[in-house]
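In case you want the letters, here they are:
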Amino acid sequence: QVQLVESGGGLVQAGGSLRLSCVASGGTFSLYAMTWFRQAPGKEREFVASINFSGDYTYYEDSVKGRFTISRDNAKNTVYLQMNSLKPEDTAVYYCAARLRGQFDYRLKGAYNYWGQGTQVTDSS
């Protein structure tokens, strides 16, 4: 089974930056598509960004395009989310998720087999 552990969340002022990390263990990381979701208080968990197993393809939710960058280092079993120009509406718990490569709708949270525990990102403005 794959275990995922996120880190890097915290308090940040509007306009600031954070880099989230998600370390995977228990599986062959390079076989998994990796995705970041987030959940704000009182809201549904929503798609943020996804990267395919090799890192060749990335996908973003419209509100984060141009501000967030997803990347992965398969040698380190780690996926990253670089978040720049943060806005108050980015405040949420951020989760990473994994699914074996293949054809699926990467935006659907129900498509993922493995989840981390989440890391909190909070606007301190």
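The structure this text deals with has already been given above.
The following paragraphs examine the structure supplied in this document.

This paragraph deals with the layout of surface pockets. Looking at the largest pocket, its volume works out to about 220 Å³. If you trace the largest pocket, you find it lined by Ala33, Ser50, Ile51, Asn52, Phe53, Tyr59, Arg101, Gly102, Gln103, Phe104 and Tyr106. Here the residues of the lining of the largest pocket sort into 6 nonpolar, 4 polar and 1 charged.

This part is about the packing of aromatic side chains. Enumeration over the complete set of coordinates arrives at 9 aromatic pairs. Their ring planes at 80 degrees and their centres at 6.2 Å tell us that Phe37 and Phe47 sit as a pair that is edge-to-face. Of this pair, Phe37 sits in strand S4 (residues 32–39) while Phe47 sits in strand S5 (residues 46–51); the two residues are 10 residues apart in sequence, bridging distant segments of the chain. Each member of the pair, Phe37 together with Phe47, is buried. Taking the centre distance of 5.1 Å and the plane angle of 50 degrees together, the rings of Phe37 and Trp115 count as tilted. A residue pair is termed long-range when its members are at least 10 positions apart, and Phe37 in strand S4 and Trp115 in strand S10 (residues 114–115) qualify at 78 residues. An aromatic cluster of three or more residues is present, and its members are Phe37, Phe47, Tyr59, Tyr95, Phe104, Tyr106, Tyr112 and Trp115. The ring of Phe29 carries the charged tip of Arg72 above its face, separated from the ring centre by 4.4 Å.

Assignment of secondary structure puts Leu108 in the loop between strand S9 (92–100) and S10. Using a relative accessible area of 49% as the deciding quantity, one classes Leu108 as partly exposed. Once the C-alpha coordinates of Leu108 and Glu46 are considered, the two residues, 62 residues apart in sequence, prove to be 8.4 Å apart.

Evaluation of the coordinates by the stated rule reveals 1 cavity of 30 Å³ or more. The volume enclosed by the largest cavity comes to roughly 40 Å³. In terms of lining residues, the largest cavity is bounded by Val2, Ala24, Ser25, Gly26, Gly27, Thr28, Phe29, Tyr32, Met34 and Ala98. When residues of the lining of the largest cavity are traced back to their parent elements, those giving at least two are strand S3 (18–25) and S4. Among the residues making up the lining of the largest cavity, the classes are represented as 6 nonpolar, 4 polar and no charged.

So, how was this worked out
Residues numbered from 1 in each chain as written. Predicted model: local features only at pLDDT ≥ 70, side-chain atom pairs only at ≥ 80, totals over all residues. Heavy atoms only, no water. 1 Å grid on protein atoms, 1.4 Å probe; cavity = no way out; pocket = protein on both sides within 12 Å on 5 of 7 lines; lining within 4 Å. Points joined across faces, edges and corners; volume = space filled by probe spheres on them. Nonpolar A, V, L, I, M, F, W, Y, C, P; charged D, E, K, R; others polar. Phe/Tyr/Trp six-rings, centres within 6.5 Å; stacked < 30°, edge-to-face > 60°. Helix = DSSP H or I, 4+ residues; strand = E, 2+ residues; numbered from the N terminus. Buried < 20%, exposed > 50% of the residue type's maximum accessible area, 1.4 Å probe, protein only. Lys NZ or Arg CZ within 6 Å of the ring centre and 35° of its normal.

These values are about where atoms sit, not about what they do.
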